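Structural overview for review
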Amino acid sequence: MQMQTVVSETPEALAHSVAVYFTEKVNEILNDQESCSIALSGGVTPHLVFSLLADEPYKSLIAWDRLYFFWGDERCVPPEHPESNFRTAWEGMLYRVPVQADHVYRMPADQFGSDEAAQAYENTLRDFFKTPPPGFPRFDLLFLGMGADGHVASLFPGSGTLDEKSRCVVPVPADEDPQKLARLTLTLPVLNHARNVLFVVQGSNKAWAVKTVLEGNRGAKGGWPLPAQRIQPLEGSLHWFLDRTAAASLSLEREKHPVEA
Ligand code: 6PG
């Protein structure tokens, strides 16, 4: 697994670093294949990245009609709800760029029961990627954020969803979420099958989790206590894009010299 950590001075510089990487990686992928599959993360951090990509100079550098968009997780709310990850990406980027509407695969987290919705999205993924069980969909690009508790997507510390080995998408009960929102989430096998994984993390409240993930050890029982520690792409690259405050607890070497590890 190829890993890279990049530390930017400010959230704005971080967003530009991510936009540059995204543009270059997408164009590299589209040089080799017809289309590019991208799973987006939720939360607040991606807002600035979405906005940059929908503006120049990045917008016209990207062949939007060859991109296919999915989500890593979603809250069980309607798409127009303020907490919807789909709404964040749609309003921040997708409606402002020439992506084809039938290339945007929203998680139906607000429809039917959450287990049925999870199965429906799993079917969508397996059909699109042509990966029946026991295979797993393989995203070309996977955006991830991280919570201050080290959660990734909607995989929260101590959750049984972390042990899912065969399903691609599972429901997450509201009581597992500090925000008390029921959710759907991709599972670790799917996340770890991605070709290129990007963590985008900012804010001093993430510094402890960042240090634990990037410099911490296994837990007492030999496991990885934080979900984000379990993002270890099987045959993919892993990139950590941090702002200075999120990287503040990292050892000086790593912080001063972003390393190609
Ligand atoms: C979600 C996200 C989640 C997010 C982290 C960081 O739906 O909540 O997918 O995994 O990426 O919680 O969120 P912030 O960027 O808002 O700190």
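The paragraphs below set out a description of the structure included in this document. (Residues numbered from 1 in each chain as written. Predicted model: local features only at pLDDT ≥ 70, side-chain atom pairs only at ≥ 80, totals over all residues. Heavy atoms only, no water.)

So, helix 4 (residues 114–129)
Turn by turn, an α-helix covers 3.6 residues, leaving residues three or four places apart pointing in a common direction. When the terminal C-alpha atoms of helix 4 are compared, their 22 Å separation across 16 residues agrees well with the 22 Å that a helix rising 1.5 Å per residue should span. All buried positions along helix 4 are accounted for by Ala-117, Ala-118, Tyr-121, Glu-122, Leu-125, Arg-126 and Phe-129. Residues of helix 4 that are buried in the fold lie against strand 2 (36–40), strand 3 (67–71), strand 6 (169–172) and strand 7 (183–186). Just beyond helix 4, the residue with positive phi is Lys-130, at close to 55 degrees. (Helix = DSSP H or I, 4+ residues; strand = E, 2+ residues; numbered from the N terminus. Expected span 1.5 Å × (residues − 1). Buried < 20%, exposed > 50% of the residue type's maximum accessible area, 1.4 Å probe, protein only. Contact = heavy atoms within 4.5 Å.)

Some words on the site of the ligand
The local shell around the ligand holds 14 residues, among which Val-44, Thr-45, His-151, Ala-153 and Lys-206 are the closest. Between Gly-42 and the ligand, the recorded distance is 3.2 Å, taken from a backbone N or O atom to an oxygen atom. A distance of 2.7 Å separates an oxygen atom of the ligand from a polar atom in the side chain of His-151. Within the complex, the protein chains bury 88% of what would otherwise be the 420 Å² of accessible surface of the ligand. Grouping the constituent residues of the shell around the ligand by class yields three nonpolar, seven polar and four charged. (Near = heavy atom within 4 Å. Polar contact = N/O pair within 3.5 Å; in protein donor to acceptor, adjacent residues only side chain to side chain. Areas by Shrake-Rupley, 256 points an atom, 1.4 Å probe, with all protein chains shown as cover. Nonpolar A, V, L, I, M, F, W, Y, C, P; charged D, E, K, R; others polar.)

Quick look at the packing of aromatic side chains
Overall, the coordinates contain 14 aromatic pairs when judged by the stated rule. Chaining the aromatic ring pairs together yields one cluster made of Tyr-68, Phe-70, Tyr-105, Phe-128, Phe-129 and Phe-139. Here the guanidinium or amino end of Arg-106 rests over the ring plane of Phe-86, the centre of that ring lying 5.9 Å away. (Phe/Tyr/Trp six-rings, centres within 6.5 Å; stacked < 30°, edge-to-face > 60°. Lys NZ or Arg CZ within 6 Å of the ring centre and 35° of its normal.)

As for the pairing of strand 5 (residues 141–144)
Judged by which residues are buried, strand 5 turns out to be covered on both faces: Leu-141 and Phe-143 on one side and Leu-142 and Leu-144 on the other are all buried. In the sheet, strand 2 pairs with strand 5 via two bridges, with the strands oriented parallel. Across the sheet, the residue bridging to Ile-38 is Leu-141, located in strand 5. Where strand 5 and strand 8 (residues 196–201) come together, three bridges link them in parallel fashion. The partner of Leu-142 across the bridge, within strand 8, is Val-197. (Pairing = 2+ DSSP bridges.)

Quick word on the pattern of salt bridges
Close approach of charged atoms allows side chains with opposite charge to pair. The tally for this structure, following the rule as stated, stands at 14 salt bridges. Here the residues in one salt-bridge network are Asp-73, Asp-177 and Arg-183, joined through shared partners. (Salt bridge = Lys/Arg side-chain N within 4 Å of Asp/Glu carboxyl O.)

Things to note about the sheet that holds strand 9 (residues 237–243)
Here we have six strands laid out as an open sheet, ordered 1-9-8-5-2-3, and parallel in their pairing. On the outer flanks of this sheet lie strand 1 (2–8) and strand 3, each paired with one strand and no other. Looking at each pair of strands side by side, their axes are set apart by 15 degrees on average, direction ignored. Across the face of the sheet, helix 4 comes into contact with strand 2 and strand 3 while running at roughly 155 degrees to strand 3. (Axes fitted to C-alpha atoms, helices over the stretch in contact; angles between N-to-C directions.)

Some words on unusual backbone geometry
The step from Glu-56 to Pro-57 runs through a cis peptide bond, and the omega angle for that step is 10 degrees. Locating Pro-57 in the fold gives a position in the loop between helix 2 (46–53) and strand 3. Cis geometry marks the peptide bond from Pro-133 to Pro-134; its omega dihedral reads 5 degrees. Mapped onto the elements of the fold, Pro-134 is located in the loop between helix 4 and strand 5. Look at Ala-153: it is not a glycine, yet its phi comes out positive at around 50 degrees. Residue class for Ala-153 comes out buried when judged on its relative accessible area of 12%. Its identity is not glycine, yet Lys-180 carries a phi of approximately 60 degrees, on the positive side. Looking at the element boundaries, Lys-180 is found in the loop between strand 6 and strand 7.

The values are spatial; any link to function lies outside them.
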